[in-house]
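# Coordinate inspection notes
In case you want the letters, here they are:
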Amino acid sequence: GVVEDVLKLARKFSTITLLHVIEHLAEPKKSLEILYKALLPDGTLVIETPNLNSYILRSSNFKHELVNPEHLFYFTPVNLKNLLNKIGFVDIKLIRRDFDSTGRSITELLRKLGLASSTPSILTGESVSRGLRNETESRRSALRKVVRSILGFIVHILGREDYMLFIARKPV
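None of these values were measured; they are calculated from a predicted model.

Looking at where I87 falls in the secondary structure, it is placed in helix 3 (residues 77-87). Measuring from C-alpha to C-alpha, the distance between I87 and L32 comes to 7.5 Å, with 55 residues separating the pair along the chain. When residues no more than four places from it in sequence are discounted, the contact partners of I87 are K29, L32, E33 and Y36.

Structure (structure tokens):
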């Protein structure tokens, strides 16, 4: 439904969640103000949206799947936090995250680290001679899983995740 319809309900909410919604709203500030009114005192707003400042967007000159024609607005950690503050939210927490960094391709994780051009073929899954294929497939699969986990951890430590999860509270 439409965000304005929330105010027509005869109740207030303790938690409102917008997962990949705010970037699609025609008037995000107005929508957040409406949702603020619909929250109980001490209520929580949770927002997840792509991070315009993500490394992968900047390094690809904003030619990436995160840039979507259906997205009307993009946010950075600073401008979304400032917007939430301006509306009246407090205790604003930011968590940077990916959907599933261990499920991402090794090449994608290496791109986030600025290392995509130097990926060893055994990690990316490029062809191996037929005689060794069956023998090495389980080893390669296990190695790729470990490498994805390690690279995902490094991406997290460097703060290069593609998404922002904000948790904000309406004061009492």
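Here we come to helix 3. Those residues of helix 3 lying buried are P77, L80, L83, L84 and I87. The arc that holds every buried residue of helix 3, seen down its axis, measures 140°, which confines them to one face. Exposed residues lying more than 90 degrees from the buried face of helix 3 are V78 and K86. On the buried face of helix 3, the contacting elements are helix 1 (28-38), strand 2 (39-50), strand 3 (90-97) and strand 4 (163-169). Just downstream of helix 3, G88 is the residue with a positive phi angle, here 125°.

Read from one edge to the other, the open sheet built from four strands follows the order 1-2-4-3, with strand pairing classed as mixed. Because the sheet does not close on itself, it has two edges, and the strands there are strand 1 (13-19) and strand 3. If you compare each strand with its neighbour and ignore which way they point, the axes differ by 10° on average. Of the pairings in the sheet, the one linking strand 2 to strand 4 comprises seven bridges and is antiparallel in character. Within the sheet, the bridge partner assigned to T49 lies in strand 4 and is M164. Each of strand 1 and strand 2 is contacted by helix 1, which is oriented at about 145° to strand 2, the strand it contacts most. Strands in contact with helix 3 are strand 2, strand 3 and strand 4; relative to strand 4, the strand with the most contacts, it is inclined by about 20°.

Under the counting rule described, the total for this entry stands at five salt bridges. Two residues, R169 and D42, come together in a salt bridge whose shortest N-O distance is 2.9 Å. With R169 in strand 4 and D42 in strand 2, the pair connects residues that are 127 residues apart, well separated along the chain. When its relative accessible area of 41% is taken as the criterion, D42 is described as partly exposed. Salt-bridge contacts for R97 lead to E48; the nearest nitrogen and oxygen are separated by 2.3 Å.

This part takes up the packing of aromatic side chains. Per the counting criterion, the structure on display carries one aromatic pair. For the pair Y36 and F89, a centre-to-centre distance of 4.9 Å together with 85° between the ring planes defines the contact as edge-to-face. Remark: F89 occurs in the loop between helix 3 and strand 3 and Y36 occurs in helix 1; sequence separation between them is 53 residues. Residue Y36 is classed as buried on the basis of its relative accessible area of 17%. A relative accessible area of 1% places F89 in the buried class. Over the aromatic face of Y36 sits the side chain of K170, whose NZ or CZ is 4.8 Å from the ring centroid.

Criteria and thresholds
- Residues numbered from 1 in each chain as written.
- Predicted model: local features only at pLDDT ≥ 70, side-chain atom pairs only at ≥ 80, totals over all residues.
- Heavy atoms only, no water.
- Helix = DSSP H or I, 4+ residues; strand = E, 2+ residues; numbered from the N terminus.
- Contact = heavy atoms within 4.5 Å.
- Buried < 20%, exposed > 50% of the residue type's maximum accessible area, 1.4 Å probe, protein only.
- Arc of directions from axis to C-beta.
- Pairing = 2+ DSSP bridges.
- Axes fitted to C-alpha atoms, helices over the stretch in contact; angles between N-to-C directions.
- Salt bridge = Lys/Arg side-chain N within 4 Å of Asp/Glu carboxyl O.
- Phe/Tyr/Trp six-rings, centres within 6.5 Å; stacked < 30°, edge-to-face > 60°.
- Lys NZ or Arg CZ within 6 Å of the ring centre and 35° of its normal.

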